[in-house]
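# Structure assessment
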Amino acid sequence: MGKKIYWGALSTLTLLSCLLGISGQSARAEGSNDLVSSGGDRPYMEFRTDINGGVPRRTIIKVYANAGETIDLGSSAVGIGSGANIGVINYRQPDGTAGSCGADGLIADRAQEAAGPGDGTGGTFIPCVVTVAPGDSGIWEIAFVSPDPDDRTNPPPIAGTASWTQDPTAGIIPAWDVTVRDSSGTPISGRVYANYYAFNIGGNGRSVSSLFSVLTQEGYQYSIDLNGIDPFGFIFFANRNGFFENSSGDSIFRSLQFVGANPGQLPAGYGFQNPNDPDLGIYVTHKTFINPPDSAMPGSALSPTGTTWLYSEPVAPPAPTGLAFTGIEGTVGVAGTSPLGGTLSFNSTSQNAFSITIDLNSDGLFGTGNDRTFVGRSVVGANSVFWDGLDSDGAKVPASLIPYGVRINQYSGEAHFPIIDAEQHNNGFRIRRLNTPVGPTSISEDPDNIYYNDRNTGADFTLCAAGETGADCYGGGPTPRQSLTGLDSSAGGHEFT
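Description of the structure in this document. (Residues numbered from 1 in each chain as written. Predicted model: local features only at pLDDT ≥ 70, side-chain atom pairs only at ≥ 80, totals over all residues. Heavy atoms only, no water.)

What follows covers the environment of Trp164. Mapped onto the elements, Trp164 comes out in the loop between β11 (138-145) and β12 (172-173). Polar side-chain contacts of Trp164 include one of 3.1 Å to the side chain of Glu113. (Helix = DSSP H or I, 4+ residues; strand = E, 2+ residues; numbered from the N terminus. Polar contact = N/O pair within 3.5 Å; in protein donor to acceptor, adjacent residues only side chain to side chain.)

Here the focus is the packing of aromatic side chains. Applying the stated criterion to the full structure yields 14 aromatic pairs. Their ring planes at 40° and their centres at 5.7 Å tell us that Phe144 and Trp176 sit as a pair that is tilted. One end of the pair, Phe144, is in strand β11; the other, Trp176, is in strand β13 (residues 176-181), with 32 residues separating them in the sequence. Comparing Phe144 with Trp176 shows no difference in burial state: the two are buried. (Phe/Tyr/Trp six-rings, centres within 6.5 Å; stacked < 30°, edge-to-face > 60°. Buried < 20%, exposed > 50% of the residue type's maximum accessible area, 1.4 Å probe, protein only.)

Now for the environment of Thr288. On the secondary structure map, Thr288 appears in strand β22 (residues 287-289). Considered as a pair, Thr288 and Gln221 are 67 residues apart in the sequence and their alpha carbons are 9.7 Å apart. Once residues lying within four places of it in the same chain are set aside, the contact partners of Thr288 are Tyr193, Ala194, Tyr197, Phe212, Ser213, Val214, Phe236 and Ala238. (Contact = heavy atoms within 4.5 Å.)

Next up on the list: the pairing of strand β8 (residues 88-92). Relative to β11, β8 runs antiparallel, the two sharing 5 bridges. Within β11, the residue paired with Tyr91 across the bridge is Ile142. In this sheet, strand β9 (residues 98-100) lies alongside β8 in antiparallel orientation, the contact comprising 3 bridges. The residue bridging Arg92 from the neighbouring strand is Ala98, located in β9. Following β8, the chain reverses through 5 residues before pairing antiparallel with β9; Gly96 in that reversal takes a positive phi of roughly 95°. (Pairing = 2+ DSSP bridges.)

Pairing is antiparallel in the open sheet, where 3 strands are placed in the order β25-β26-β29. With one partner strand each, in any of the chains shown, β25 (321-327) and β29 (381-387) form the two edges of the open sheet. For this sheet the average axis-to-axis angle between neighbouring strands, irrespective of direction, equals 20°. Here strand β26 (residues 342-348) pairs with β29 via 7 bridges, running antiparallel. Looking across to β29, one finds that Gly342 is bridged to Trp387. (Axes fitted to C-alpha atoms, helices over the stretch in contact; angles between N-to-C directions.)

Structure (structure tokens):
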């Protein structure tokens, strides 16, 4: 049996002393202006008290800053509202100490959002300025509080660069900004991220084309282009495991259909790493940056919830060894008589994702036609996968005197991209790996490859007939329905309606 060592990303797609002087010139800010700069409609940021899929619809922005630097903050909600419901910017220092901007930092209109923070001249807005004192280096948490977090009103859909109005009774924020400056007042890009984003574009029949940069715990970086997704209200994040079985904690490496009334719930027995929860072992939420991460950040930093990982360079992926096949009758390399089947085994030095593909149509390619692919996560040491003698269509594989080829891939930099409650995406996502491991390596994986599985357990989903519902049917799945061996997403991949 042949063996090739590959690596790549598995994508589960269901899918901050003294204040420094500020010039009147436009600054390189990070925030909502970045999210609309690539076209599409405006993704209003939600700061609400309701929950979807177990995740609060309340975006908390995080920013890394060093002592001696300053953090400029701005929001369209500052001072907007009445009574107890008035928008404000609150923050927490790395040691957990809380602070507030009070009445400072209002972004009054689209022109100020685009111009960025300054002294109020040249179209700039006057920010709330937070100085990072000695001993306060680390990750600051920013809460852009809406005028009324209990409100459920959807915002008016508008083009991303169109003029907007801050609703004084809403739980959404059209514009926000975080700008880190060094001791000379120069803006620093690549410091602003979130564990997840809760957005609302006000309706369907619209599009979001925002760009993000994802940093994994292993140091791999990915750009993700939402590429015109039509999601209405949605929650977006990235993690290492995607969806998993609650009983075993094992990733299922496929999408899940929520059940029940909108917005629905995960089906019984399944879960995912809540991005609002701290990392635990291999259950990690990646950091989704507004711009490519600043390489000057340290490998870890103090945050209000404890020390967390930050910037690192990726290391070379592990190589599985000892790939072997033993038939159900105990014969090495032979699948037995009736029925065919047996165990594929290999050794690993890491707990990383893997895929094993059997070239059942013998075309020399892996993952085409009726080829069977198994996916999972390895343990350190011996690993095995049982093959029941069936192809990907559920048909029995005929006996053959010509050996079937087998390929094993072990992955590094694994990143899943769950998106909760997004209705449709006719264009598909564009995801690209941006860096490679340091040191000697033999990487051959396409940097635009994504992996997904929209097939139900044991059978294909089918398109729904008129009035038909059920676990085995849904409308408008991607083409192909699954891509377990990689699909180039440079033109968009994993489209759905």
